[in-house]
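As a plain string of letters, each chain reads:
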Amino acid sequence: MTQSQRLAPTHAPLTAFAVRDGELLVGGMPLSRLAARVGQTPFYAYERRLLDERVGTLRTVLPKALKLHYAIKANPMPALVGHMARLVDGLDVASGGELKVALDAGADPREISFAGPGKRLGELRQAVAAGILVNVESFGEVSSLAAIGDETGLTPRVAVRVNPDFELKSSGMKMGGGARQFGVDAEQVPQLLAEIAATGLAFEGFHLFAGSQNLRPEAIVEAQARSYELAARLAELAPAPVRFLNLGGGFGIPYFPGEQPLDLGPIGDNLAGIVERASRELPEAELVVELGRFLVGEAGVYVTRVIDRKVSRGQTFLVCDGGLHQHLAASGNFGQVIRKNYPLVIGNRMSPAKREVVSVVGPLCTPLDLLAERMEMAEADVGDLVVIFQSGAYGLTASPQAFLGHPPCVEVLV
Ligand SMILES: *Cc1c(COP(=O)(O)O)cnc(C)c1O
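Residues numbered from 1 in each chain as written. Predicted model: local features only at pLDDT ≥ 70, side-chain atom pairs only at ≥ 80, totals over all residues. Heavy atoms only, no water.

A. Seen up close, the environment of Asp 89. Inspection of the secondary structure assignment puts Asp 89 in the loop between helix 4 (78-87) and strand 6 (90-93). Considered as a pair, Asp 89 and Tyr 70 are 19 residues apart in the sequence and their alpha carbons are 8.1 Å apart. Setting aside residues no more than four positions away along its own chain, Asp 89 makes contact with Arg 59, Leu 66, Lys 67, Leu 68, His 69 and Glu 111. Among the polar contacts listed, one links the side chain of Asp 89 to the side chain of Arg 59, at a separation of 2.9 Å. In terms of polar contacts, Asp 89 uses its side chain to reach the backbone amide nitrogen of Leu 68, at 2.7 Å. (Helix = DSSP H or I, 4+ residues; strand = E, 2+ residues; numbered from the N terminus. Contact = heavy atoms within 4.5 Å. Polar contact = N/O pair within 3.5 Å; in protein donor to acceptor, adjacent residues only side chain to side chain.)

Written out as structure tokens, the structure reads:
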């Protein structure tokens, strides 16, 4: 082994799923048996126990008065959303389709909020009829909601999604600060509040969401502190007391070599201070953090079977029945700047006699269909099961499933 290989960063240890007799246990079942139970590969499996544990951890670390919302775009599988709806305090949706999933899951409409640019008129009508909170993102949405209010005799509930005048530093994806399609620029919010008042919409609060996939607690702390400051300032201009203040989230999970789990301690301490201040300054406000990936990402695996093994000019390839059409993010094509390997193992060979360096690819006729590039893992053969960890968020629904016309994937909640 060379010096640089020895010093190369490694994936954070993955201990969420147990191993028995050399086989990974998912939902308490040996992986090969679970594959038989599912009836096919590839599949995604999400574990209830890990979802419960994650919410439990957050409830321990975050202040009691803080509400925890699940942003269902991270994983909208109906059974999983149903499970989450019972664990968290509310759901955030980003389309009419997600609204249906949230309502079907039994979530209380008072605790459902709807964010996203480009809400169609039909979606706004659905939202008003459902009685959920709409996070308005433009002047146009305020006019549309006012018209829907007139037409239906219902009073649309709105919060203002603010595009802050700062960014969430070192975020995987920035969604606030600068010029954005999200929210209304902080400096235009006073005028928007005046329009909300003039059109008779029910103003209920503010929503700030600065970015996603952040592993630096100090960056999250700073964004939440500044979001609170900004909302408290804007609240003075609001037509009604703030009842909901959604401070966003952006909590990340470790995917790549060298990344470590997020330290929640400083975030919890900071939020405790914010909750305390809000109890004096915004006494009617419920404070909310909305999380997607952090709640579900580590609870899921993607499982695909090796269907061919070949050697090309000295490099070994494991060719699998699943690939980027079902797991775009693991292929490195979902917003990553530089492709890096997800944590991946041969799930039925967890205590291997031999290890080897291989590339794992999918069945698509494109070089982009790469699940692991020259990664060390157990020596594997046709029929073995490749497991990609950290696959519970932005997996199947964030992938171009129709690309190349392969059979559909299955998702199970175990
Ligand atoms: C995508 C999104 C989320 C979830 O982000 P994660 O990084 O998955 O936690 C939350 N809120 C809004 C408004 C979003 O668009």
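B. Expanded view of the state of the cysteines. Enumeration over the complete set of coordinates arrives at 0 disulfides. Left without a disulfide partner, Cys 320 is nearest to the cysteine sulfur of Cys 409, which lies 13 Å away. Between Cys 365, a free cysteine, and Cys 320, which holds the nearest cysteine sulfur, the sulfur-to-sulfur gap is 16 Å. (Disulfide = S-S within 2.5 Å.)

C. Fine view of the environment of Leu 133. Tracing the chain through its elements places Leu 133 in strand 8 (residues 133-136). Along the primary structure Leu 133 and Phe 114 are separated by 19 residues, whereas in three dimensions their C-alpha atoms are 6.3 Å apart. When neighbours within four sequence positions are excluded, Leu 133 is seen to be in contact with Pro 109, Ile 112, Ser 113, Phe 114, Arg 157, Val 158, Ala 159, Glu 204 and Phe 244.

D. A look at the pairing of strand 15 (residues 286-291). With respect to burial, strand 15 is a largely interior element, 5 of its 6 residues being buried. Strand direction decides the pairing type here: strand 14 (residues 244-246) and strand 15, joined by 3 bridges, are parallel. Residue pairing in the sheet places Leu 245 in a bridge with Leu 287 of strand 15. One crossover worth recording links strand 14 to the parallel strand 15 by way of helix 10 (residues 265-281), and it is right-handed. (Buried < 20%, exposed > 50% of the residue type's maximum accessible area, 1.4 Å probe, protein only. Pairing = 2+ DSSP bridges. Right-handed = clockwise from strand over helix to strand, strands pointing away.)

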